[in-house]
Every structure is written in C-alpha cells, then in structure tokens.
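Single-letter residue listing:
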Amino acid sequence: GSITNNGLVNFNLVSGTSYGGSISGTGAVSISGGLRMTGQQFYTGGTTINASATLTLGGLGANLRGSVANGGRLVVDGANMATDMAMSGAGSLLVTNGSVLLLTNGVQTYTGMTTIDSGSRITLGGTTSNPTGDVTNNGVFELGHSLTYGGTVTGIGSVLVSAGTVAFSADQGY
C-alpha cells in the first residue's frame, strides 16, 4: 500500500525485497540491505542509501525526487525516469536493462562509479552539474549542457554532446 511519511521510513530488508506502493509527505527514506521500488514516489525529505545497501528503481512509474545520499548502490533497472534528484556520496549508479535516466536540474556531486549498460542511457540535462566520478559507458552518455567533466569515460558506448560546450579535463578511454 501507500505510505504518508512526515518523519522517517527505514527499510532494513534482505536483498530482493520489492515495494510497489508510493510514499508521499515531507519525510525521509533510509535504505539498508536491498530494496526494489516499482511505484512512483512523491516524498520530499530525501533518500539515504546506506553503505552496502542497494536501492533498485524499476518499472514504468519508478522515480526519486530531491536529495539522495548514496553510500551504497543505486540501480535504475527497466525504467524510463526523468528526475530532479541531487545525488551525493561515494556510492555507485548503474543504469541497466534498457533504462533511460534523465537528470534534469539536480546537482550531481557523487564520486562513485557510474555504469551505463548496453541499450541504456543517461542524459545530463537542464542545469544539472556533472558527476565527478568515472563512467563505464556501454550505452549512451548524453551531455546536454555546458560543463567541464573531470572524470574518465571508458567503454564501447556513445558520448553525445547535445547542447552547450563540453570540456574533458582528464584523458578519456572511450
């Protein structure tokens, strides 16, 4: 079912657990263990993915809003998602299974590895700042605004500059 959260919802679950409902309210969500969210999320208090935890967003309505403190792993699996989330932390991001992730206006300061699997896409659009971590790109990595990218992009995927000017400050391996 759905949850109205104006405090803290703490998911401390074993890997493979799914939640298909939605969460609304001003409260925060904390993830320990493993959780797959398939419903649309409306809460505004932020998300914490704790160390060694995995949050998987899957399905047509899956999304996150606001701040994400990622100390573990965020996976976008089989979802088409446009979001203004702002991710920080040393955790990783995986976009897989034909997913499309459009980061619209959130400031991306996370330093963990980003992996884009074959058939998947990440677009940095709007006023989104760039992540500082490295990218393994076997899909499409689209840069949709002017930026200086300090990470290294490797892999067999495409790098597309669709708007603005992009400067790479590190050697690239793609």
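Below, the discussion takes up the overall build of the chain. A count of helical and extended segments in the chain gives zero helices and 20 strands. Here the C-alpha radius of gyration of the chain, 15 Å, is about what a compact globule of 174 residues would show, namely 16 Å. Overall, the C-alpha framework of the chain stretches about 45 × 25 × 25 Å when taken along its three principal axes. Taking all 174 residues of the chain together, the buried fraction comes to 44%. Here the analysis covers contacts within the chain between residues at least 6 apart in sequence; of these, 5% occur between residues at least 24 apart. Of the roughly 7100 Å² that the chain leaves accessible, carbon and sulfur atoms contribute 51%. Within the chain, one finds 4 positive and 6 negative side-chain charges whose respective centroids are separated by 11 Å.

For the rest of this paragraph, the subject is the pattern of salt bridges. As enumerated under the stated definition, the model contains two salt bridges in all. The partner of D77 in a salt bridge is R36, and the shortest N-O contact between them spans 3.1 Å. Separated by 41 residues along the polypeptide, D77 in strand 8 (residues 73-77) and R36 in strand 4 (residues 28-37) bring together distant segments of the chain. Its salt-bridge partner being E142, residue R121 comes within 2.8 Å of it at the nearest N-O pair. Here E142 lies in strand 16 (residues 140-143) and R121 lies in strand 14 (residues 121-124), a separation of 21 residues in the sequence.

Before going further, it helps to examine the sheet that holds strand 9 (residues 80-83). Read across the open sheet, the five strands follow the order 9-12-14-16-19; overall the sheet is parallel. In the strand order of this sheet, the two ends are held by strand 9 and strand 19 (158-161), each with one partner. Between one strand and the next, the sheet's axes are offset by a mean angle of 10 degrees, whatever the strand orientation.

Once that is clear, we can look at the packing of aromatic side chains. In total, this model carries three aromatic pairs according to the counting rule given. Judged by centre distance (6.0 Å) and plane angle (70 degrees), the ring pair of F141 and Y149 falls under edge-to-face. On the accessibility criterion, F141 (1% relative accessible area) is buried. Each member of the aromatic cluster is reached from another via a ring pair, and the members are F141, Y149 and F168.

Okay, the side chain of S99 next. Relative to the elements of secondary structure, S99 occurs in the loop between strand 11 (92-96) and strand 12 (100-103). Taking the relative accessible area as the measure of exposure, S99 reaches 0% and is therefore buried. A distance of 2.6 Å separates a polar atom in the side chain of S99 from the backbone nitrogen of G78.

A few words now on the nonpolar core. Here is a general trend for soluble globular proteins: nonpolar side chains tend to be buried in one another's company. Core analysis: the largest hydrophobic core is formed by 37 residues, its most contacted members being L55, L74, L93 and I122. If you tally residues by element for this core, the top one is strand 4, at four residues. Residues within four places of L55 in sequence aside, it is in contact with I31, L35, M37, T47, I49, L64, R73, L74 and V75.

The pLDDT averaged across the chain works out to 91; a share of 97% of its residues lies at or above 70. No element of the chain has a lower mean pLDDT than strand 17 (residues 147-149), at 85, and none a higher one than strand 5 (residues 47-49), at 98.

Moving on, we come to the environment of M85. With respect to the helices and strands, M85 occurs in the loop between strand 9 and strand 10 (86-88). Once the C-alpha coordinates of M85 and T123 are considered, the two residues, 38 residues apart in sequence, prove to be 13 Å apart. Apart from residues lying up to four places away in sequence, M85 is in contact with L64, R65, G66, V68, L74, L103, G106 and Q108.

This part covers the environment of Y149. On the secondary structure map, Y149 appears in strand 17. Separated by 65 residues in sequence, Y149 and D84 have C-alpha atoms that sit 20 Å apart.

Calculation rules
Residues numbered from 1 in each chain as written. Predicted model: local features only at pLDDT ≥ 70, side-chain atom pairs only at ≥ 80, totals over all residues. Heavy atoms only, no water. Helix = DSSP H or I, 4+ residues; strand = E, 2+ residues; numbered from the N terminus. Rg over C-alpha atoms; globule rule 2.2 N^0.38 Å. Buried < 20%, exposed > 50% of the residue type's maximum accessible area, 1.4 Å probe, protein only. Contact = heavy atoms within 4.5 Å. Areas by Shrake-Rupley, 256 points an atom, 1.4 Å probe, with all protein chains shown as cover. Lys, Arg positive; Asp, Glu negative; His and termini not counted. Charge placed at Lys NZ, Arg CZ, Asp CG, Glu CD. Salt bridge = Lys/Arg side-chain N within 4 Å of Asp/Glu carboxyl O. Pairing = 2+ DSSP bridges. Axes fitted to C-alpha atoms, helices over the stretch in contact; angles between N-to-C directions. Phe/Tyr/Trp six-rings, centres within 6.5 Å; stacked < 30°, edge-to-face > 60°. Polar contact = N/O pair within 3.5 Å; in protein donor to acceptor, adjacent residues only side chain to side chain. Core = buried A, V, L, I, M, F, W, Y, C linked by side-chain atoms within 4.5 Å. pLDDT = per-residue confidence, 0-100.

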